[in-house]
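# Structural features, examined
Below, each chain spelled out in residue letters.
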Amino acid sequence: MPEDAPSDRLVLDAMLGKLATYLRMCGYDTAYALDRDAEADDNLLALAADEDRLLITRDTDLAARTPESVLLSEREIDGQLRELADAGFRLSLTPEPAHCGICNGPVEEVDPMEPTPEYAPSASDEPVWRCTDCGQHFWKGSHWTSVKTTLEDL
């Protein structure tokens, strides 16, 4: 990543849960306040500092307290994504998932011979990934296509 590019290690405030999922699908290491028990401003600032994460927030007071932050004004996901694109963030899906969309944990590809849960397709039929932290399974299904379309329409 170029030196002047936005960080790939992010922390998002409690108002940006849906955005966290999108950014994880784009390959960003994205901590989310509610996942990390950091809803209080001081806890969120400590998390950002301790883990060297760029804060993304909709809270003007919080952004003012944090020199390394991105302040978003839009409420809807499309507007938030546009604001980030304008700020220089790369917003496209990674060829393979790197972070769990649920918990941000690392993901690994499931062996084609390994069984998958009922909600997931067979890994012998298409690539499937599993979060090593929470066990959630992912594949490039309709949600992947919907996010890809949203990002391409920016």
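Residues numbered from 1 in each chain as written. Predicted model: local features only at pLDDT ≥ 70, side-chain atom pairs only at ≥ 80, totals over all residues. Heavy atoms only, no water.

Considering all chains together, one arrives at two aromatic pairs under this definition. With 5.8 Å between their ring centres and 55° between their planes, tyrosine 28 and phenylalanine 89 make a pair best called tilted. Here phenylalanine 89 lies in the loop between helix 4 (77-86) and strand 5 (107-109) and tyrosine 28 lies in the loop between helix 1 (17-25) and strand 2 (29-32), a separation of 61 residues in the sequence. A relative accessible area of 2% places tyrosine 28 in the buried class. Between the aromatic rings of tyrosine 119 and tryptophan 139, the centroid separation amounts to 6.3 Å while the plane-to-plane angle is 35°, which identifies the pairing as tilted. Of this pair, tyrosine 119 sits in the loop between strand 5 and strand 6 (128-131) while tryptophan 139 sits in strand 7 (residues 137-139), placing them 20 residues apart in sequence. Judged by relative accessible area, tyrosine 119 falls into the partly exposed class, the value being 42%. A relative accessible area of 28% means that tryptophan 139 is categorised as partly exposed. (Phe/Tyr/Trp six-rings, centres within 6.5 Å; stacked < 30°, edge-to-face > 60°. Helix = DSSP H or I, 4+ residues; strand = E, 2+ residues; numbered from the N terminus. Buried < 20%, exposed > 50% of the residue type's maximum accessible area, 1.4 Å probe, protein only.)

Spatially, three strands are ordered 5-6-7 in an open sheet, and the strand pairing comes out antiparallel. This sheet does not close on itself; its edge strands, each paired only once, are strand 5 and strand 7. For this sheet, the mean angle separating the axes of adjacent strands, direction not counted, is 35°. Summarising the sheet, strand 5 and strand 6 pair through three bridges and their orientation is antiparallel. Within strand 6, the residue paired with glutamate 109 across the bridge is tryptophan 129. (Pairing = 2+ DSSP bridges. Axes fitted to C-alpha atoms, helices over the stretch in contact; angles between N-to-C directions.)

Turning our attention to the pairing of strand 2. Of the two faces of strand 2, the one holding Asp29 and Ala31 and the one holding Thr30 and Tyr32 are both buried throughout. Pairing of strand 1 (residues 9-12) with strand 2, which is carried by four bridges, proceeds in the parallel orientation. Of the residues in strand 2, the one forming a bridge with valine 11 is alanine 31. The β-α-β motif built from strand 1, the intervening helix 1 and the parallel element strand 2 has right-handed crossover chirality. (Right-handed = clockwise from strand over helix to strand, strands pointing away.)

Here we take up the pairing of strand 6. Burial along strand 6 is two-sided: the residues Val128 and Arg130 and Trp129 and Cys131 are all buried. The pairing of strand 6 with strand 7 spans three bridges and is antiparallel. Looking at the pairing, valine 128 lines up with tryptophan 139 of strand 7. Count of turn residues in the strand 6/strand 7 antiparallel hairpin: five residues, of which glycine 135 carries a positive phi of about 85°.

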